[in-house]
Amino acid sequence: MSELLFTDEHEWLRSEGGSTCVIGITDYAQEQLGELVYVELPEVNNRCEKGDEIAVIESVKAASELYAPVTGTVVEVNEALIEDPSLVNNDPLGDGWFIKVELADPEELQDLMSGDAYAEFVAGLE
């Protein structure tokens, strides 16, 4: 498994080799949201620009958005989340992934945080 990279919006990204990346929300994000009850995912083949809203997440506490950490094209969505949004609460870095994107610009990965940098970032929020 490749190293996870993170954004300050609490998304994570993992390269699957080549230019395909898996995107989800962090454990911190799902804890802040509480129990997820609904997820709206984008269509496959949708193009997303870095920073665009790409999914809607609703929990018992709040509604939130998932933002694209990179520019690319959606190549797969996690259909299981539609039936069972709690997958995100139970395994945010595994089965709770949201989408897979074909990366348009690998240089954008350099703008993301390492796991250590993200842990420091989150520690500064508490």
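For the structure given in this document, a descriptive report is provided here. On a predicted model such as this, the values are computed, not experimentally measured, just so you know.

A look at the overall build of the protein
Part 1 of the reasoning: From N to C terminus, the protein includes four helices and nine strands.
Part 2 of the reasoning: Each helix and strand of the protein, placed in order from N terminus to C terminus, yields the pattern β-β-β-α-β-β-β-β-β-α-α-β-α.
Part 3 of the reasoning: Over its C-alpha trace the protein gives a radius of gyration of 13 Å, about what one expects of a compact globule, namely 14 Å for 126 residues.
Part 4 of the reasoning: For the protein, restricting intrachain contacts to residue pairs at least 6 apart in sequence, the fraction spanning at least 24 positions comes to 59%.
Part 5 of the reasoning: Taken as a whole, the protein presents about 6,500 Å² of accessible surface, with 44% of it coming from carbon and sulfur.
Part 6 of the reasoning: Within the protein, the 29 negative side-chain charges are centred at a point lying 3 Å from the centre of the 5 positive side-chain charges.

Digging into the side chain of arginine 14
Part 1 of the reasoning: Topologically, arginine 14 is positioned in strand E2 (residues 11–15).
Part 2 of the reasoning: Of the side chains with opposite charge, glutamate 16 lies nearest to the buried arginine 14, which makes no salt bridge, at 4.5 Å.
Part 3 of the reasoning: A polar contact is formed between the side chain of arginine 14 and the backbone oxygen of leucine 93, at a distance of 3.5 Å.

Here's the deal with the nonpolar core
Part 1 of the reasoning: Membership of the largest hydrophobic core comes to 27 residues, with the highest contact counts inside it found for Leu13, Ile23, Ile25, Ile57, Leu66, Phe98 and Ile99.
Part 2 of the reasoning: Of all the secondary structure elements, the ones that give two or more residues to this core are strand E3 (20–25), helix H1 (27–33), strand E4 (36–40), strand E6 (53–59), strand E8 (72–77), helix H3 (86–90) and strand E9 (99–103).
Part 3 of the reasoning: Discounting chain neighbours no more than four positions away, the residues touching isoleucine 23 are Trp12, Leu13, Leu66, Pro69, Val70, Trp97, Phe98, Ile99 and Val101.

Thresholds, definitions, all that
- Residues numbered from 1 in each chain as written.
- Predicted model: local features only at pLDDT ≥ 70, side-chain atom pairs only at ≥ 80, totals over all residues.
- Heavy atoms only, no water.
- Helix = DSSP H or I, 4+ residues; strand = E, 2+ residues; numbered from the N terminus.
- Rg over C-alpha atoms; globule rule 2.2 N^0.38 Å.
- Contact = heavy atoms within 4.5 Å.
- Areas by Shrake-Rupley, 256 points an atom, 1.4 Å probe, with all protein chains shown as cover.
- Lys, Arg positive; Asp, Glu negative; His and termini not counted.
- Charge placed at Lys NZ, Arg CZ, Asp CG, Glu CD.
- Buried < 20%, exposed > 50% of the residue type's maximum accessible area, 1.4 Å probe, protein only.
- Salt bridge = Lys/Arg side-chain N within 4 Å of Asp/Glu carboxyl O.
- Polar contact = N/O pair within 3.5 Å; in protein donor to acceptor, adjacent residues only side chain to side chain.
- Core = buried A, V, L, I, M, F, W, Y, C linked by side-chain atoms within 4.5 Å.

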